[in-house]
Amino acid sequence: MLYSSVSFAQSFKQGEADVRAIQFENTKNHVDLSGEWAFYWQKLLSPEQIATTKPDYYIPFTDVWNKHEQLGKPFKAFGYATYTLKIYIDHKKNPQLSFFIPAPYSSYKLWINGDLFAHNGVVATTKEAYQPHWLPIKKLYLAQSDTLQLVMQVANFDHYRGGFSQPIILGSNNYTEDLWDTELSITLILTGILLMVALIFFGLYFLGQKDPVVVFFALYCVFYIYRLIGVDKIYYLHQVFPNIPFKITFFFEYFTIFFCIYLFTRFVRSLYASNSRFVMGVGYISLFYIALLIFAPTYIISYVSQLFFFIILFFVAYNFYMSVIAVIRKRKGSVFALLSMFSIGLAVTLNILGYFGYLRPSSYYLFFGYFGFILFQTLILSHRFVYSFRKARREAEQAAKAKSEFLANMSHEIRTPLNGVIGFTDLLMKTKLDSTQQQYMSTVFQSANALLDIINDILDFSKIEAGKLEIVVEKTNIHELMSQVADMITFQASQKSLEVLLNIPVNVPRYIWVDVVRLRQILVNLLSNAVKFTEAGEIELKVEMLGDIKSNYNSFRFSVKDTGIGIAPQNQEKIFQAFLQEDSSTTRKFGGTGLGLTISNKLLALMQSKLRVESEVNKGTRFYFDLNLRSEAGEVDEWKNLDVFKRVLVADDNRTNRSLLKSMLDLRNISYEEVENGQQVIDLLGKGEKFDLLIIDYHMPYLDGLDTVRILRQKPKFNADKLPIILLYSSHAHEYINSESEKLQIRQRLVKPVTIQKVFEGMSKIATKVVEESQKSEAPKSAQYVDERYLTILIVEDNKVNMLFARTIFKSVFPNGRILEAENGKLAVDIFKKEAPDIVFMDMQMPEMNGLEATLAIREIENGKSRIPIIALTAGTVKGEKEKCLEAGMDDYITKPFIKDTVVKAIQKYIRVE
């Protein structure tokens, strides 16, 4: 019940209440008329008879008749009585009063100062003559005097309790209206919620979610609606239809109690798939009470239902206990179940305690109790639906997994023979071949690598489609990443005489947090496409910072621009579709799977971005995408002694590259001049111009960079024999440029595309006269590397071609070495026990015992003593493959197909020369 401010009478005993100090109209104050009333048992007294009749005793109004110690009948609540109360008010301050009269357990008549004010049913002295009715009443009273004499006749021959269990409320009209509206609002809100939930779950059930949990909960909601609108404080349904017979009211009130508990037991059993005897017992008891309700008299039902209310309390406590156990055991959805049982337990317990008269709970507590129960039960069922959906998804994922495993196995089977093709082709190309043979072998080598790229594209595409590809974010040096990406296509571009430009503005932070593998894959794909579709001109890889998003987060734009064939406007969306290119005809000039851009776009979608394109036919294309990334400026590069360069000459035929070099020099306020070719360099120096440094490109018209330097060094008139020079060149002429540069005393050589770090580092080395090898100096050529030691190498490989390839490599590197061969892991373990090799190269997929099992067995034989390096040779590329190898005790991981250089690097790493 809503209470804002309660004012009790100063003297509310012996049938009198003094409330003259209370001003009802100006406040929310009200009086709870639950104090002592005069009580006349088995007497129906009129207002005129009250003054001449002495009360039997005085009793609190809310004490029901079966609790009166003075009454001694077996069913002592059967009978009739009169209540009287005299109230003293100040009618001038309170001319209007309002009474809220709750429903009694039978029938009543109420007079105020001799006038009939309210009645409910028919009051009589016999069961045949009286007529019960349950209906609360709210009514306005106009006070004419300072004394109110209340006379109430009450009769009961049906309920085992009798009388009133709730007090009459006296207050202002505003207060009782608010009280009524509050109760009505709570009732209608809860009714709407229950109806909505019921309709939703009925819909789910009939639309295919044939789960008994759904229908039992929906039925529970429907029947409990009557408990809200047909019972309790205001009996809203009966207010709308006031002439509903008492028998029907009584039947529905008790039927909904028993049937809702039965539905809830079925709901609990279905939800938890439980056959708890206690829960089943409560359900059977509910059905027994329903049968009793149909056949037994009213007073029997009202009497035995008291026991049922205690059963409900035990049932609520049991469910709460089981929910606590489920939470302790960390069952899924158990927290929601616990909150749900707590909510309904609170509401039910308060209701039952209120029924027995121990307290009068606020409607707000009951509202939040019922609302919380419905909310959390809905979440439980939602969780159940999600689980069923997840189950269906798992089944779909298993099918996808089977597809992925098939693709992975097919990939492995294809990679295995490809390893032999690529490996032996690489070896054959390093032997003495005539020009025609070299061309044929180059074609074979490129075709095999193209086939490998197709396999990789299809495998990546299948991973993305199956949802197996995840983004792994890590801290990355963006300058190193961009340089690595540009270097990967430099050789490919140089074959077509394309200029590769790397543009990283100075304001770009050094470090970003990104999936470096996938970002590199996207950029390499875009650069490879640019090289493929560009016949002449340049390709620019650029990263720029668009702006700050928030602290330590920036928006970065990555772009690849070319001067190629371009894309027609009508085809710019088409190119992003799987297996399609702009020209999909069989006579298309350019090859490929058509998956590259699709895979790149799907990878970007995982990073919350999208690939965009700007293009003009026959003028070029620009692909770009934006990423919001965490960033860090990092340490500031310190290049020493750059101040010795006062004036620099830049010679390059590519305008964009000159612009990039000039922006670098501007950063350090270094003066410069620019020319487009070698002849202009000679002309400028021939005029006596002095420079501290010459930055010159190798590939230029008229005179290339080396010819230009050769003239400058050989002719004294230029006075350039000591002029510091940085030579820029592409990687395909590496050996020739190195040898010629040594002759011409060119100390610094930078492979394009160059970055600010490379340029300033080269300038710093020159300025401090530190003679070092080129920043891009290569490790010893694998073809030239020979180890004379007498080592024992164990090769474990079931494929004969790959075994031959591996044996050929090792014999060329270790001419004095002993090669041991094993066709499977079991044979490898036996050989290891007898021969104790110096290094093991282990295939992964083999009959009898695979590579992982063999490695575990070898490590067990070693028992933590001397550890022999074991290198995995695998065609598997799925995520986690490398981790599996390392966890099994392997030292490194080489992916098939591999070439001689890869194997030599592993040998140099794990078998060092002493």
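Residues numbered from 1 in each chain as written. Predicted model: local features only at pLDDT ≥ 70, side-chain atom pairs only at ≥ 80, totals over all residues. Heavy atoms only, no water.

1. With respect to the overall build of the protein
Thought 1: When its secondary structure is counted, the protein shows 23 helices and 29 strands.
Thought 2: Roughly 43700 Å² of accessible area belongs to the protein as shown, and the carbon and sulfur atoms make up 55% of that amount. (Helix = DSSP H or I, 4+ residues; strand = E, 2+ residues; numbered from the N terminus. Areas by Shrake-Rupley, 256 points an atom, 1.4 Å probe, with all protein chains shown as cover.)

2. Observations concerning the pattern of salt bridges
Thought 1: Under the criterion given, the structure shown has 24 salt bridges.
Thought 2: Close ionic contact of Lys-765 with Glu-761 constitutes a salt bridge, the shortest N to O distance being 3.6 Å. You can see Lys-765 and its partner Glu-761 sitting in helix α18 (residues 756–767), four residues apart, about one turn around the helix.
Thought 3: Since its relative accessible area comes to 12%, Lys-765 is described here as buried.
Thought 4: Here Glu-835 and Arg-818 are joined by a salt bridge, their closest N and O atoms 3.1 Å apart. (Salt bridge = Lys/Arg side-chain N within 4 Å of Asp/Glu carboxyl O. Buried < 20%, exposed > 50% of the residue type's maximum accessible area, 1.4 Å probe, protein only.)

3. Considerations on the side chain of Thr-476
Thought 1: Inspection of the secondary structure puts Thr-476 in strand β13 (residues 474–477).
Thought 2: Not counting the four nearest positions on each side in its chain, Thr-476 is found in contact with Leu-481, Arg-510, Tyr-511, Ile-512, Val-514 and Val-516. (Contact = heavy atoms within 4.5 Å.)

4. Looking at helix α5 (residues 246–272)
The periodicity of an α-helix, 3.6 residues per turn, causes residues three or four places apart in sequence to face the same way.
Thought 1: The end-to-end C-alpha separation of α5 is 39 Å, in line with the 39 Å expected for 27 residues at 1.5 Å each.
Thought 2: Burial analysis of α5 places 20 of its 27 residues in the buried class, the great majority of the element. (Expected span 1.5 Å × (residues − 1).)

5. What to know about the nonpolar core
Thought 1: By size, the foremost hydrophobic cluster in this structure holds 66 residues, and its most contacted members are Phe-258 and Ile-312.
Thought 2: Secondary structure elements with two or more residues in this core: α2 (173–206), α3 (212–229), α5, α6 (277–295), α7 (298–328), α8 (334–355) and α9 (363–429).
Thought 3: Once residues lying within four places of it in the same chain are set aside, the contact partners of Phe-258 are Ser-286, Tyr-289, Ile-290, Leu-293, Ile-301, Ser-305 and Phe-308.
Thought 4: Ala-486, Ile-539, Phe-556 and Val-613 belong to the second-largest nonpolar core, a separate cluster that totals 42 residues. (Core = buried A, V, L, I, M, F, W, Y, C linked by side-chain atoms within 4.5 Å.)

6. Remarks on the sheet that holds strand β24 (residues 748–751)
Thought 1: An order of β21-β20-β22-β23-β24 is seen for the five strands of this open sheet, with the pairing classed as parallel. Strands at the two margins of the open sheet, each flanked by one partner only, are β21 (671–675) and β24. Direction aside, neighbouring strands of the sheet carry axes that sit 15° apart on average.
Thought 2: Judged from the four bridges that link them, strand β20 (residues 647–651) and strand β22 (residues 693–697) form a sheet pairing that is parallel. (Pairing = 2+ DSSP bridges. Axes fitted to C-alpha atoms, helices over the stretch in contact; angles between N-to-C directions.)

7. Some words on the sheet that holds strand β26 (residues 818–822)
Thought 1: Pairing within the open sheet is parallel, and its five strands lie in the order β26-β25-β27-β28-β29. Two strands in the sheet have a free side with no partner beyond their single neighbour: β26 and β29 (892–895). Sheet twist, expressed as the average angle between the axes of neighbouring strands with direction ignored, equals 20°.
Thought 2: As paired strands, strand β25 (residues 792–796) and strand β27 (residues 839–843) are joined by four bridges and run parallel to one another. In the sheet register, Leu-794 faces β27, and the bridge partner there is Val-840.
Thought 3: Sheet contacts for helix α19 (residues 800–813): β25, β26 and β27; angle to β26, the most-contacted strand, approximately 165°.
Thought 4: Strands in contact with helix α21 (residues 851–862) are β27 and β28 (870–874); relative to β27, the strand with the most contacts, it is inclined by about 150°.

8. Side note on the packing of α5 against α6
Thought 1: In the contact formed by α5 and α6, the axes pass within 9 Å of each other and the chain directions differ by 160°. In terms of orientation, α5 lies roughly antiparallel with respect to α6. Considering only the axes of α5 and α6, their crossing is left-handed. In contact with Phe-250, Phe-251, Tyr-254, Phe-255, Phe-258, Phe-259, Ile-261, Tyr-262, Thr-265 and Arg-269 of α5, α6 contributes Val-279, Met-280, Val-282, Gly-283, Ser-286, Leu-287, Tyr-289, Ile-290, Leu-293 and Ile-294.
Thought 2: The class makeup of the residues in the contact of α5 with α6 is 16 nonpolar, three polar and one charged. (Parallel < 35°, antiparallel > 145°, perpendicular 65-115°, else oblique. Left-handed = near helix turned anticlockwise from the far one by under 90°. Nonpolar A, V, L, I, M, F, W, Y, C, P; charged D, E, K, R; others polar.)

9. What about the packing of aromatic side chains?
Thought 1: With the rule as written, the count across this model stands at 43 aromatic pairs.
Thought 2: Between the aromatic rings of Trp-134 and Phe-246, the centroid separation amounts to 5.0 Å while the plane-to-plane angle is 80°, which identifies the pairing as edge-to-face. Remark: Phe-246 occurs in helix α5 and Trp-134 occurs in the loop between β9 (115–120) and β10 (137–142); sequence separation between them is 112 residues.
Thought 3: The class for Phe-246 is buried, based on a relative accessible area of 6%.
Thought 4: Judged by centre distance (5.3 Å) and plane angle (10°), the rings of Phe-255 and Phe-259 are stacked. You can see Phe-255 and its partner Phe-259 sitting in helix α5, four residues apart, about one turn around the helix. Each member of the pair Phe-255 and Phe-259 is classed as buried.
Thought 5: An aromatic cluster is present here, built from Trp-37, Phe-39, Trp-41, Tyr-57, Phe-61, Trp-65, Tyr-83, Tyr-108 and Phe-164 joined pairwise through their rings. (Phe/Tyr/Trp six-rings, centres within 6.5 Å; stacked < 30°, edge-to-face > 60°.)

10. Thoughts on the environment of Ile-285
Thought 1: By the element assignment, Ile-285 lies in helix α6.
Thought 2: The class for Ile-285 is partly exposed, based on a relative accessible area of 29%.
Thought 3: If sequence neighbours within four positions are ignored, Ile-285 has contacts with Phe-308 and Ile-311.

11. Here's the deal with unusual backbone geometry
Thought 1: In this structure, Gln-42 takes a positive phi of about 55° despite not being glycine.
Thought 2: Inspection of the secondary structure puts Gln-42 in the loop between β4 (36–41) and α1 (47–50).
Thought 3: Relative accessible area serves as the criterion here: at 26%, Gln-42 is assigned to the partly exposed category.
Thought 4: Unusually for a residue other than glycine, Gln-745 sits at a positive phi of about 60°.
Thought 5: The residue Gln-745 is located in the loop between α17 (734–743) and β24 in this model.

12. Topic: a nonpolar patch on the surface
Thought 1: Nonpolar side chains collect at one region of the surface, where Val-335, Phe-336, Leu-339, Phe-371, Leu-375 and Leu-379 lie side by side and expose about 440 Å² of accessible area between them.
Thought 2: When residues of the nonpolar patch are traced back to their parent elements, those giving at least two are α8 and α9.
Thought 3: Summarising the element assignment, Leu-339 is placed in helix α8. (Patch = residues over 30% accessible without salt bridge, like charges linked within 9 Å, V, L, I, M, F, W, Y side chains within 5 Å.)

13. What about α8?
Thought 1: End to end, α8 covers 31 Å across 22 residues, agreeing with the expected 32 Å (1.5 Å per residue, within 8%).
Thought 2: Those residues of α8 lying buried are Ser-334, Ala-337, Ser-340, Met-341, Ser-343, Ile-344, Gly-345, Ala-347, Val-348, Leu-350, Ile-352 and Tyr-355.

14. Focus on the side chain of His-159
Thought 1: Within the secondary structure, His-159 is located in the loop between β11 (147–156) and β12 (168–171).
Thought 2: Exposure remark for His-159: the relative accessible area of 1% places this residue in the buried category.
Thought 3: Of the polar contacts made by the side chain of His-159, one reaches the backbone nitrogen of Arg-161; its length is 3.1 Å.
Thought 4: Among all residues touching His-159, those that are not within four sequence positions of it are Ala-77, Phe-78, Tyr-105, Trp-134, Phe-250, Tyr-254, Ser-302 and Tyr-355. (Polar contact = N/O pair within 3.5 Å; in protein donor to acceptor, adjacent residues only side chain to side chain.)

These figures capture arrangement, not role.
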